[in-house]
Amino acid sequence: MPFPIRKNIQTQSSAEFTGIELTKPANYAAGFTGVKVALQHTFKEMGAIKSLQTLSHMNQKDGFDCPGCAWPDPEHPSKVAEYCENGAKALAEEATNKEVDNAFFSNYSVQEISRWSDFKIGKSGRLVAPMLLKPGSNHYEECTWEEAFRLIADHLHALDNPDQAIFYTSGRSSNEAAFLYGLFARAFGTNNMPDCSNMCHESSGIGLSETLGIGKGSVKLEDFDKAEVVMVIGQNPGTNHPRMLSALEKCKRNGGKIISINPLQEAGLIRFRNPQEISGMLLNGHGLTDIYLQVKINQDVALLKLIEKKLAALEKANGNVFDHEFIEKYTEGFESFLAHLETHSEQELLELCGVDENLINETVALLSKKSKIIICWAMGLTQHKNGVENIKECVNLLLLKGSLGKPGVGTCPVRGHSNVQGDRSVGIMHFVSKELNEAIKKTFGFDAPDHEGVDVVKAIPAMYEGKAKIFVGLGGNFVSAASDTEYTAKALQNCDLTVQISTKLNRSHLITGKTALILPTLGRSDKDLKDGKPRHFTVENSMGIVHQSKGFLDPISDNIKSEPEIVAGIAAAYFREDHPVKWKSLGSNYELLREKLGEVILGFKDMNTKSEGFGYYLPNNVRELDFSKLPNQKAQFSTTSLPVHDLQENEYLLMSIRSHDQFNTTIYGLNDRYRGIHNERRVLFMNESDMIQENLKKMDVVNILSNYDGQERKVFQFLVIPYNIPKGNLAAYYPETNPLIPIQEYADKSNTPISKSVRVSLEKAD
Ligand SMILES: Nc1nc2c(c(=O)[nH]1)N[C@H]1C(S)=C(S)[C@@H](COP(=O)(O)OP(=O)(O)OC[C@H]3O[C@@H](n4cnc5c(=O)[nH]c(N)nc54)[C@H](O)[C@@H]3O)O[C@H]1N2
Ligand SMILES: Nc1nc2c(c(=O)[nH]1)N[C@H]1C(S)=C(S)[C@@H](COP(=O)(O)OP(=O)(O)OC[C@H]3O[C@@H](n4cnc5c(=O)[nH]c(N)nc54)[C@H](O)[C@@H]3O)O[C@H]1N2
Ligand code: SF4
Ligand SMILES: [Mo]
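Residues numbered from 1 in each chain as written. Chains lettered and ligands numbered in written order. Predicted model: local features only at pLDDT ≥ 70, side-chain atom pairs only at ≥ 80, totals over all residues. Heavy atoms only, no water.

Trainee: What is the right way to look at the overall build of the protein in this model?
Mentor: In terms of helices and strands, the protein carries 31 helices and 32 strands. In terms of overall size, the protein behaves like a compact globule, its C-alpha atoms giving a radius of gyration of 25 Å where 766 residues would be expected to give roughly 27 Å. Its C-alpha atoms give the protein principal-axis dimensions of about 75 × 65 × 55 Å. A total of 766 residues make up the protein; the buried ones form 65% of that total. Partitioning the contacts of the protein with sequence separation of at least 6, the portion at a separation of at least 24 is 80%. Accessible area of the protein: about 27,600 Å², with a carbon and sulfur share of 50%. Charge centroids of the protein, computed over 84 positive and 96 negative side chains, lie 3 Å from each other. (Helix = DSSP H or I, 4+ residues; strand = E, 2+ residues; numbered from the N terminus. Rg over C-alpha atoms; globule rule 2.2 N^0.38 Å. Buried < 20%, exposed > 50% of the residue type's maximum accessible area, 1.4 Å probe, protein only. Contact = heavy atoms within 4.5 Å. Areas by Shrake-Rupley, 256 points an atom, 1.4 Å probe, with all protein chains shown as cover. Lys, Arg positive; Asp, Glu negative; His and termini not counted. Charge placed at Lys NZ, Arg CZ, Asp CG, Glu CD.)

As structure tokens, this is what we get:
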């Protein structure tokens, strides 16, 4: 094998310590500190005036969508500040005044940059011109857009078959860009469209599709006002979806109760001070969680089964616990579900989940009396071998209670990237959709490929083994986000060409194929000008609302193109004039692009007008209680299994989580304020009794090892931090822990890497 083609390139952030300081973990989120921290970030990156002007346009009706997470905006945004601390940080990161230009790349070789930390790489600035890394060269050099498009087209033409190319997408892209990108991949002849959601909510998509007939959630924002109980499972909203706390707060004000299920007692779930409301700032915050269930990592199915078993016993004794009318009318599989519950004893389930039985009984008592229940979840459920079954068990509980298809109830998989849901809606997927292919044929007149492509975990071996030779990334940071970092790095380095369409520099620009291109693109906050007039594009948030987003800032360079223009440039260079799709005009005329998108994708018709202002809801069969696409036209109960880990005596389950100062692989800063960690990312959260057993003291330095199928993987230099985490469980940050996760360890059916339950052991570092 020819890799690595460039020597001495570091594939991970350096393992050097940055000078840790510890404080007590916080028992509240947001409030004054949050606002102050947010402004510090934006002022530093953008200057004070530009910051305040730009922030006033974020999440407003004629403004731009926050580049952070996918939480929806309220129908009537307040004029003051419709954003959170982390939204402001996301903006600061994107709208920085610093530039990564030709001079930068002449000064620093790819080797040198690769030795920097991810934090330092990200802080270098915005990409301002197309850059080319020639075979054998160690420095990127500026090229023209025409050269870049031609080079990609030539490489694509040189392939033996279209499945030798891979087209990755990350969830920041607009609906328009993602649609065009998917269209190009299909016109080129492949369904090789791995997506960041393969590593994220794919388990939700599959679990929900198989049980309810749609891979998305069913709640609307206003359902939180009406819910009697909201369960938040495997999610850290105080950090990752901060404005969700406002919805939870409102639910509580209306008399609702919040149940949190999480191995960690996350600050935002405990208390919350709402920065959008003066009273929230002055008052002492609100205790958000009513019942906190400290489940062991990956024992949610055991816990949920125990809750369901106890509910079933109450139903048997008193009745009025399950919604029999709903079960009878809308569901299938109830009897076998109940019978399967009998196969486990309460004692077995209690021991597995590790939760205090009194709290479980309190939960059961509450749920038995309520029928308006919302279940929210995120990566704590999806990133396990049984990720799909985790979701199905949540659906079981909702079905028992008839908590679907009426106000105040439903499923709420809380999405990550701001348009990850939209990208999937408009056709980014590796599998074949007959309906989509027929619609493409009708509108554009070409046959889309009818065989499945690769997702993330299948794309990597394909590149490693030389079956795929070209990697194109529409956003994202593939090498750091995917599992098995060393293997993934070799896979990318084995390509002939890697192309990254990006806003900011990241490690995937350094771990490259023989030839590499960086194509700089506009971000959310940038004005997208056509003939001097700003254009908008559209996005879909976590609740299926499609709405417009219009950038506000003058782009940092006039040599940056929008994503649709870049995709169209590649397509036009590849097809020349020889294709029924008029790529150039679609790439430059967004109205036309939206019209065509509306013809091809269900629910997007007339989006040019409907997406104005608050936007509009896409169709959702669960809201209508229409299960006609499912077997016997019924929502499906599932029988799930308990996960098996077979831990050896010295082994632990490690979850790789986000700090408060990062957005995925982008490191905003080195603090994890709520967890009491400052100026350091190389930390390992550990239960004190496990530390005693391992003979470890606070701040001892350890290496973390994983051993799967006899193959050892290791990450170096982590400071042990005693923490309130269940015995046998560990937590550390992602992406630093990705080298531990073997490429072949992923969830059944969804292929999502097992980022939240990695079997590891520890050794003291020298
Ligand atoms: N500021 C900021 N916002 C973000 C992101 C970011 O990086 N930074 N990323 C975005 C993206 S792409 C996504 S997908 C989301 C991610 O949002 P989250 O899913 O909230 O992110 P994680 O940090 O991965 O946290 C997972 C949570 O699950 C818990 N957990 C882990 N394992 C288990 C388990 O087995 N059971 C249970 N019940 N809980 C468990 C962890 O303790 C943690 O609280 O956030 C989005 N928003
Ligand atoms: N161990 C472990 N691994 C994980 C996870 C975990 O919890 N644990 N989480 C997984 C999850 S949930 C996700 S979603 C993935 C994330 O995987 P990715 O989406 O691939 O990674 P990001 O870090 O979000 O990508 C950041 C880069 O996107 C580019 N970018 C930012 N904005 C834009 C834009 O508007 N347009 C374009 N074209 N580019 C832009 C910038 O160059 C930036 O460096 O990681 C996954 N990996
Ligand atoms: S909750 Fe998410 S979308 Fe809303 S402002 Fe915060 S980061 Fe942005
Ligand atoms: Mo994600």
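Let's pick the thread back up.
Trainee: How should the pattern of salt bridges be read in this particular structure?
Mentor: One side chain can pair with another of opposite charge once the charged atoms of both are near each other. If you walk through the whole model with that rule in mind, you get 42 salt bridges. Here lysine 714 ties to glutamate 763 by a salt bridge, and the two come within 2.8 Å at their closest N and O atoms. Taken as a pair, lysine 714 in strand S30 (residues 711–722) and glutamate 763 in strand S32 (residues 758–764) lie far apart in primary sequence, 49 residues in all. One salt-bridge network, in which partners are shared between bridges, spans Glu45, Glu93, Lys98, Lys123 and Lys504. (Salt bridge = Lys/Arg side-chain N within 4 Å of Asp/Glu carboxyl O.)

Trainee: Quick question: what am I supposed to make of helix H26 (residues 485–493) here?
Mentor: Structural remark: α-helix, 3.6 residues per turn; residues separated by three or four positions point the same way. Burial analysis of H26 places seven of its nine residues in the buried class, the great majority of the element. Every buried residue of H26 is accounted for by Thr485, Tyr487, Thr488, Ala489, Ala491, Leu492 and Gln493. Its buried side turned inward, H26 meets helix H24 (456–464), strand S16 (470–474), helix H25 (478–481) and strand S17 (497–502).

Trainee: Can you help me understand unusual backbone geometry in this one?
Mentor: If a residue is not glycine, its phi is most likely negative; likewise, a peptide bond is most likely trans. The peptide bond linking tyrosine 734 to proline 735 adopts the cis configuration, its omega dihedral lying at 10°. Residue placement: proline 735 occurs in the loop between strand S31 (729–733) and S32. Notably, asparagine 298 is not glycine yet its phi reads approximately 65°, a positive angle.

Trainee: Is there a simple way to think about the sheet that holds strand S22 (residues 616–617) in this case?
Mentor: Think of a sheet as strands paired side by side through backbone hydrogen bonds, with each pair either parallel or antiparallel. The strand order across the open sheet built from four strands is S19-S20-S21-S22, with neighbouring strands paired in antiparallel fashion. Strands with a single pairing partner mark the edges of an open sheet, and in this sheet they are strand S19 (528–530) and S22. The pairing of S19 with strand S20 (residues 533–540) spans three bridges and is antiparallel. Residue leucine 529 lies in a different strand from S20, and its bridge partner there is proline 534. In this fold helix H8 (residues 175–188) packs onto S20 and strand S21 (545–550), with an angle of close to 75° to the strand it touches most, S20. (Pairing = 2+ DSSP bridges. Axes fitted to C-alpha atoms, helices over the stretch in contact; angles between N-to-C directions.)

Trainee: What should I look at first to understand the site of ligand 2 in this one?
Mentor: Close to ligand 2 lie 31 residues; Tyr168, Ser170, Ala481, Glu563 and Thr665 are nearest. Within the side chain of serine 170, a nitrogen or oxygen atom sits 2.7 Å from an oxygen atom of ligand 2. Separating a nitrogen atom of ligand 2 from a side-chain N or O atom of asparagine 738 is a distance of 2.8 Å. In isolation ligand 2 offers 930 Å² of accessible surface; the protein chains occlude 97% of this area. For the shell around ligand 2, the class distribution of residues is ten nonpolar, 16 polar and five charged. (Near = heavy atom within 4 Å. Polar contact = N/O pair within 3.5 Å; in protein donor to acceptor, adjacent residues only side chain to side chain. Nonpolar A, V, L, I, M, F, W, Y, C, P; charged D, E, K, R; others polar.)

Trainee: Would you mind going over the site of ligand 1 with me for this structure?
Mentor: As a matter of local geometry, ligand 1 sits amid 32 residues, with Asn262, Glu266, Asn298, Gln662 and Asn664 nearest to it. In this structure, asparagine 240 approaches ligand 1 through a main-chain N or O atom, which is 2.8 Å from a nitrogen atom. The separation between an oxygen atom of ligand 1 and a polar main-chain atom of asparagine 298 is 2.6 Å. About the coverage of ligand 1: the protein hides 99% of its 910 Å² of free accessible area.

Trainee: Teacher, can you tell me more about the nonpolar core here?
Mentor: Most often, soluble globular proteins have nonpolar side chains that are buried together. Counting 59 residues, the largest nonpolar core has Leu156, Phe167, Phe184, Leu519 and Trp583 as the members making the most contacts within it. Not counting chain neighbours up to four residues away, the residues in contact with leucine 156 comprise Ala165, Phe167, Phe184, Phe188, Ile470, Ile570 and Tyr574. Core analysis: the next-biggest nonpolar cluster, separate from the first, contains 54 residues, Val229, Cys394, Leu625 and Leu630 among them. (Core = buried A, V, L, I, M, F, W, Y, C linked by side-chain atoms within 4.5 Å.)

Trainee: How should the confidence of the model for the protein be read in this particular structure?
Mentor: Low-pLDDT stretches of the model should not have their predicted coordinates read in fine detail. For the protein, per-residue confidence averages 94 on the pLDDT scale, and residues scoring 70 or more make up 97% of the total. pLDDT under 50 marks residues 278–284. Its contacts with residues more than four places away, or in other chains, come to eight contacts. (pLDDT = per-residue confidence, 0-100.)

Trainee: Looking at this structure, I do not really get helix H15 (residues 300–318). What am I missing?
Mentor: Taking 1.5 Å as the rise per residue, H15 with 19 residues should run 27 Å; its terminal C-alpha atoms sit 26 Å apart, in good agreement. With respect to burial, H15 is a largely interior element, 14 of its 19 residues being buried. Count one or two residues on from H15 and you reach glycine 319, which has phi positive near 75°. (Expected span 1.5 Å × (residues − 1).)

Trainee: Honestly, the environment of glutamate 649 in this entry has me stumped. Any pointers?
Mentor: Looking at the secondary structure, you find glutamate 649 in the loop between strand S23 (635–636) and strand S24 (652–657). The exposure class assigned to glutamate 649 is exposed, which follows from its relative accessible area of 81%. With 456 residues separating them in the primary sequence, glutamate 649 and methionine 193 have C-alpha atoms 41 Å apart.

Trainee: How should the environment of tyrosine 292 be read in this particular structure?
Mentor: Among the secondary structure elements, tyrosine 292 is positioned in strand S12 (residues 291–293). By relative accessible area, tyrosine 292 is classed as buried at 15%. Sequence separation between tyrosine 292 and threonine 665 is 373 residues; the distance between their C-alpha atoms is 29 Å. Each residue touching tyrosine 292, except ones within four places of it in the same chain, is listed here: Ser260, Asn262, Pro263, Leu264, Gln265 and Leu359. A distance of 3.4 Å separates the side chain of tyrosine 292 from the backbone oxygen of proline 263, its partner in a polar contact.

Trainee: Before we go on, may I ask you to explain the state of the cysteines in this structure?
Mentor: Among covalent bonds in proteins, the disulfide is the one between the sulfur atoms of two cysteines. As enumerated under the stated definition, the model contains zero disulfides in all. Cysteine 376 forms no disulfide, and the closest cysteine sulfur to it belongs to cysteine 412, at a distance of 3.9 Å. No disulfide involves cysteine 495; its sulfur sits 19 Å from that of cysteine 143, the nearest cysteine. (Disulfide = S-S within 2.5 Å.)

Trainee: Which parts of the structure should I look at to understand the side chain of histidine 201?
Mentor: Looking at the element boundaries, histidine 201 is found in the loop between H8 and helix H9 (202–212). Non-local contacts of histidine 201, meaning those with residues more than four positions away in its chain, are made with Trp377, Ala378, Met379, Thr382, Pro413, Val414, Arg415 and Gly416.

Trainee: How should the environment of glutamine 717 be read in this particular structure?
Mentor: With respect to the helices and strands, glutamine 717 occurs in strand S30. Taking the C-alpha atoms as reference, glutamine 717 lies 38 Å from arginine 424; in sequence the two are 293 residues apart. Apart from the residues lying within four places of it in its own chain, the contact partners of glutamine 717 are Ala15, Phe17, Arg682, Val701, Val702, Asn703 and Ala765.

Trainee: Looking at this structure, how should I read the packing of H9 against helix H21 (residues 387–400)?
Mentor: Two elements in contact, H9 and H21, have axes whose closest approach is 8 Å; the angle formed by their N-to-C orientations is 45°. In terms of orientation, H9 and H21 fall into the oblique class. When the axes of H9 and H21 are compared, the crossing they make is right-handed. Here H9 contributes Ser203, Ser204, Ile206, Gly207, Leu208, Glu210, Thr211 and Leu212 to the contact with H21, which in turn contributes Gly387, Val388, Ile391, Lys392, Val395 and Leu399. Class assignment of the residues belonging to the contact of H9 with H21 gives a composition of seven nonpolar, five polar and two charged. (Parallel < 35°, antiparallel > 145°, perpendicular 65-115°, else oblique. Left-handed = near helix turned anticlockwise from the far one by under 90°.)

Trainee: So what exactly am I meant to see when it comes to the sheet that holds strand S8 (residues 229–233) here?
Mentor: Strand order in the open sheet formed by five strands is S12-S9-S8-S14-S15, and the pairing between neighbours is parallel. The sheet is open, and its two edges are formed by S12 and strand S15 (410–413), each paired on a single side. Each strand axis lies, on average, 15° off the axis of its neighbour in the sheet, ignoring direction. As judged from the four bridges shared by strand S14 (residues 373–377) and S15, these two strands associate in the parallel manner. Note that in S15 the partner of isoleucine 375 across the bridge is threonine 411. Of the strands in this sheet, S8, strand S9 (257–261) and S12 touch H15, which is tilted by about 155° from S8.

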